[in-house]
Amino acid sequence: MIPAGTAGPPAGMTGPPGIERINAARERTAGIVRRTPTVPLELGRGGPTLWLKLELLQPVASFKLRGAAAAVTAAPPEATRAGLLTASVGNMAQGAAWMARRLGVPCSVVVPETAPATKLERIADLGASIIPVSFDRWWQTFVDRTYPGLEDRFFVHPFLDTEVMAGNGVIACELASDLPAEVGTVLVPWGGGGLACGIAAGLRELRPEIRVHAVEVEGAAPLAASLDAGEVVSIDHRPSFVDGIGAKTVFPEMLGLARKLLAGSLVVPVSAVAGAVRLLAERTRVVAEGAGAAPVAAAALLPPRDGAQTACIVSGGNIDTAKLIEILSGGVP
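Predicted model, so just to flag it, every value in this text is computed and none were measured.

(A) Molecular detail of the sheet that holds strand 1 (residues 38–42). The strand order across the open sheet built from six strands is 1-2-10-7-8-9, with neighbouring strands paired in mixed fashion. In this open sheet, the two strands that pair with only one neighbour each are strand 1 and strand 9 (264–268). Averaged over all adjacent pairs, the angle separating strand axes in this sheet is 30°, with direction ignored. Of the pairings in the sheet, the one linking strand 7 (residues 183–189) to strand 8 (residues 211–217) comprises five bridges and is parallel in character. Pairing of Val 186 across the sheet is with Val 212, part of strand 8. The sheet strands contacting helix 7 (residues 162–178) are strand 1, strand 2 (49–54), strand 7 and strand 10 (309–314), and the helix crosses strand 2 at an angle near 140°. Lying over the sheet, helix 8 (residues 194–206) contacts strand 7, strand 8 and strand 10, oriented at roughly 155° with respect to strand 7.

Structure (structure tokens):
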């Protein structure tokens, strides 16, 4: 039995989900999450074809509903009876709040003080209580898996949980059937690692020829630094409008999974991400947040492979309107 305050295996026991666990998550979350489309983006003038997995079309405009739904539906009813708790910049908060509303239980969300207004408004609209804290205190919640006064809540971990990764791994099932044989690379935003590792775990069994790369942004790329160092390192984190990914460090468990499952991490400039947001809006009328557009920006960093095509996980679309207007006007927020 999973006790309240946890969301899957205890800390330190998180492992990659196998295909059976991913398929189980797929069955449990059917009717809660959407099977999102994968569409081509023709860059023209001899440029490559990119395939866009539009996770921003989920009910909360983010892939995070997949992991939240997988974790909550795997838990026994008594574990969630007191309500849900998570720590999030905004997207997992919306996923947890969506599931809490579905269950008819309260939800509380620990957010960093820098969380964007658009995401906070949507969290509140879903009925969740918001607890703003400093960035460091917010990050500590991922370690503690609880918050003072809310110890009886079921903690939905945004990334460090096998069931959450299994829910994300369902994306791999959809990609495996939707992507043409020419696709050799999938680019995935890296925040805590649950999305990239969940997809990579699924593709390793379904399409093992595909390489999965994490994508980070300059000033917030602890995975790339840790992979280079061969151990977990901390960086001087610089916040940007790309708020859905990036941190000061990585969890040791996630670094271990990344080294087993991923081909590496590509680090893109903030300005390139703004350009990718603009490109998606102008070419496809897709409004992506910074984290969602980062893989499109990273596609230019890949070395050419004869005949190979690339897929990008457009993970979310929760971007402040003012920031979007600035980007569409040619600026970088």
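(B) Looking closely at the packing of helix 2 (residues 64–74) against helix 4 (residues 91–103). In contact at an axis separation of 8 Å, helix 2 and helix 4 are set at 45° when each is read in the N-to-C sense. With respect to their mutual orientation, helix 2 and helix 4 come out oblique. Handedness of the helix 2/helix 4 crossing: right-handed. Between helix 2, through Lys 64, Leu 65, Gly 67, Ala 68, Ala 69, Val 72 and Thr 73, and helix 4, the contact on the second element is made entirely by Asn 91, Met 92, Gly 95, Ala 96, Trp 98, Met 99 and Leu 103. The residue makeup of the contact of helix 2 with helix 4, split by class, is nine nonpolar, four polar and one charged.

(C) Representation of the layout of surface pockets. Counted as a void, the largest pocket has a volume near 550 Å³. What lines the largest pocket is a set of 42 residues, and nearest its centre among them are Val 89, Trp 138, Asp 243, Gly 244 and Ile 245. Elements represented by at least two residues in the lining of the largest pocket include exactly helix 4, helix 6 (135–144) and helix 8. The element best represented in the lining of the largest pocket is helix 6, accounting for four residues. A per-class count over the lining of the largest pocket returns 22 nonpolar, 14 polar and six charged.

(D) Spotlight on the packing of aromatic side chains. Tallied over the full model, the rule gives eight aromatic pairs. Ring geometry for Trp 139 versus Phe 251: centroids 5.5 Å apart, planes at 45°, classification tilted. In this pair, Trp 139 sits in helix 6 while Phe 251 sits in the loop between helix 9 (222–229) and helix 10 (252–261), placing the two residues 112 residues apart along the sequence. One exposure class covers both Trp 139 and Phe 251, and it is buried. Here the aromatic cluster, defined as three or more aromatic residues joined through ring pairs, consists of Phe 135, Trp 138, Trp 139, Phe 142, Phe 159 and Phe 251. A cation sits over an aromatic face here: Arg 101 above Trp 98, 5.1 Å from the ring centre.

(E) Region of interest: the sheet that holds strand 5 (residues 129–133). One open sheet accounts for four strands, arranged 5-4-3-6; its pairing is parallel. Edge positions in the open sheet fall to strand 5 and strand 6 (154–155), since each of these has one partner strand only. Relative to the sheet, helix 4 contacts strand 3 (84–87) and strand 4 (107–112), its axis offset from that of strand 3 by approximately 175°. Relative to strand 4, helix 6 is tilted by about 135°, and along the sheet it contacts strand 3, strand 4, strand 5 and strand 6.

(F) Structural context of the environment of Val 296. Note on placement: Val 296 falls in helix 12 (residues 290–298). For Val 296 and Arg 34, which are 262 residues apart along the polypeptide, the C-alpha to C-alpha distance reads 22 Å. Each residue touching Val 296, except ones within four places of it in the same chain, is listed here: Leu 50, Leu 52, Ala 276, Leu 279, Leu 280 and Cys 312.

(G) Just the environment of Gly 127, in detail. Among the secondary structure elements, Gly 127 is positioned in the loop between helix 5 (117–125) and strand 5. On a C-alpha basis, the gap between Gly 127 and Pro 208 in space is 41 Å, while along the polypeptide they are 81 residues apart.

(H) View of empty space enclosed by the protein. What the rule picks out here adds up to one cavity of 30 Å³ or more. Computed from the structure, the largest cavity encloses a volume of approximately 60 Å³. Looking at the largest cavity, the residues that line it are Pro 116, Phe 241, Val 242, Asp 243, Gly 244, Glu 289, Gly 290, Ala 291, Asn 318, Ile 319, Asp 320 and Lys 323.

(I) Highlighting the pairing of strand 10. For strand 10, a buried count of six out of six residues is recorded, marking the element as mostly surrounded by other parts of the structure. Burial along strand 10 is two-sided: the residues Gln 309, Ala 311 and Ile 313 and Thr 310, Cys 312 and Val 314 are all buried. In the sheet, strand 2 pairs with strand 10 via five bridges, with the strands oriented parallel. Across the sheet, the residue bridging to Lys 53 is Ile 313, located in strand 10. Pairing of strand 7 with strand 10, which is carried by four bridges, proceeds in the parallel orientation. For Val 183, the partnering residue across the bridge sits in strand 10 and is Gln 309.

Thresholds, definitions, all that
Residues numbered from 1 in each chain as written. Predicted model: local features only at pLDDT ≥ 70, side-chain atom pairs only at ≥ 80, totals over all residues. Heavy atoms only, no water. Pairing = 2+ DSSP bridges. Helix = DSSP H or I, 4+ residues; strand = E, 2+ residues; numbered from the N terminus. Axes fitted to C-alpha atoms, helices over the stretch in contact; angles between N-to-C directions. Contact = heavy atoms within 4.5 Å. Parallel < 35°, antiparallel > 145°, perpendicular 65-115°, else oblique. Left-handed = near helix turned anticlockwise from the far one by under 90°. Nonpolar A, V, L, I, M, F, W, Y, C, P; charged D, E, K, R; others polar. 1 Å grid on protein atoms, 1.4 Å probe; cavity = no way out; pocket = protein on both sides within 12 Å on 5 of 7 lines; lining within 4 Å. Points joined across faces, edges and corners; volume = space filled by probe spheres on them. Phe/Tyr/Trp six-rings, centres within 6.5 Å; stacked < 30°, edge-to-face > 60°. Buried < 20%, exposed > 50% of the residue type's maximum accessible area, 1.4 Å probe, protein only. Lys NZ or Arg CZ within 6 Å of the ring centre and 35° of its normal.

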